[in-house]
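Secondary and tertiary structure notes
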Amino acid sequence: MILSLDGSSVDGSLYTDVVNMARHAPGWLDGAVSAWSTYGLLLFAVLMAYGWWRARRTSAAASVTALAVPFAVAAAYGVDAALKPLVREERPCRSLRVATLEACPAPGDWSFPSNHAAIAAATAVALLFVSRRLGAIAVAAACAMAASRVWVGAHYPHDVAAGLAVGTLTALLTMSALRRGRAEALALRLLATPLRPLLTVTS
């Protein structure tokens, strides 16, 4: 069933207010937000790598948990990508025909839910299972990523809210399933394979 959601009827006025605010904001602020919106996902990759690097010095089970984070993120991206063609919501910059900081994507590049928000939220929630401190940093960064996608005009507010929900729920399900005693069992198996260096620091 194809829904073809008209996003402008949900929170189009709020989106327009944010985009107009961005158009009148200082250039340095728009530049910083645009850069974060475009390249900010690299920070989440760095946080995942750092979380795994630290986990290796804790225990093999902790390493398995850290290595599961990218899989949780990939699952969230898959769910998000599957929803897009079902909902088929046109990008707000195309529906409302407003000038935005980011170039308007081509037709067929659906808006709901936000991939960036889903990836960011999944990374943040999954990292909470690895390190509360890293997870807290990622949560703040995920909120900033979601807000930036509206600021640059790429998404409606409900798009990023849905993306955050998709990422959060998918990561919770994925990481919770692993945590139920399976990390230790999987770690024991992997320690006897050539993958051992991924799980622990060898002397």
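Residues numbered from 1 in each chain as written. Predicted model: local features only at pLDDT ≥ 70, side-chain atom pairs only at ≥ 80, totals over all residues. Heavy atoms only, no water.

What follows deals with the state of the cysteines. Summed over all chains, the structure comprises one disulfide. Between Cys 93 and Cys 104 runs a disulfide, and the two sulfur atoms are separated by 2.2 Å. The disulfide joining Cys 93 to Cys 104 has a torsion of about 85° about its S-S bond and is therefore right-handed. One end of the pair, Cys 93, is in helix 5 (residues 92-95); the other, Cys 104, is in the loop between helix 5 and helix 6 (115-128), and 11 residues separate them in sequence. Judged by relative accessible area, Cys 93 falls into the buried class, the value being 7%. (Disulfide = S-S within 2.5 Å. Helix = DSSP H or I, 4+ residues; strand = E, 2+ residues; numbered from the N terminus. Buried < 20%, exposed > 50% of the residue type's maximum accessible area, 1.4 Å probe, protein only.)

It is worth spelling out the packing of helix 4 (residues 60-87) against helix 8 (residues 157-179) at this point. Where helix 4 contacts helix 8, the axes come no closer than 8 Å and their chain directions differ by 140°. What the angle tells us is that helix 4 and helix 8 run oblique. Read as a crossing pair, helix 4 and helix 8 show a hand that is right-handed. Residues Val 64, Thr 65, Ala 68, Val 69, Ala 72, Ala 75, Ala 76, Val 79, Asp 80 and Leu 83 of helix 4 lie in contact with helix 8, whose contacting residues are Gly 163, Val 166, Gly 167, Thr 170, Ala 171, Thr 174, Met 175 and Leu 178. (Axes fitted to C-alpha atoms, helices over the stretch in contact; angles between N-to-C directions. Parallel < 35°, antiparallel > 145°, perpendicular 65-115°, else oblique. Left-handed = near helix turned anticlockwise from the far one by under 90°. Contact = heavy atoms within 4.5 Å.)

On inspection of all chains with the given rule, the structure shows three aromatic pairs. Ring centres 6.3 Å apart and planes at 45° place the aromatic pair Trp 36 and Phe 44 in the tilted group. Classification of Phe 44 as buried rests on a relative accessible area of 1%. For the pair Trp 52 and Trp 53, a centre-to-centre distance of 5.8 Å together with 65° between the ring planes defines the contact as edge-to-face. Classification of Trp 53 by relative accessible area gives partly exposed; the value is 42%. We note Arg 56 situated over the ring of Trp 53; from NZ or CZ to the ring centre the distance is 4.8 Å. (Phe/Tyr/Trp six-rings, centres within 6.5 Å; stacked < 30°, edge-to-face > 60°. Lys NZ or Arg CZ within 6 Å of the ring centre and 35° of its normal.)

From the geometry alone we can't say anything about function, so treat these as descriptive.
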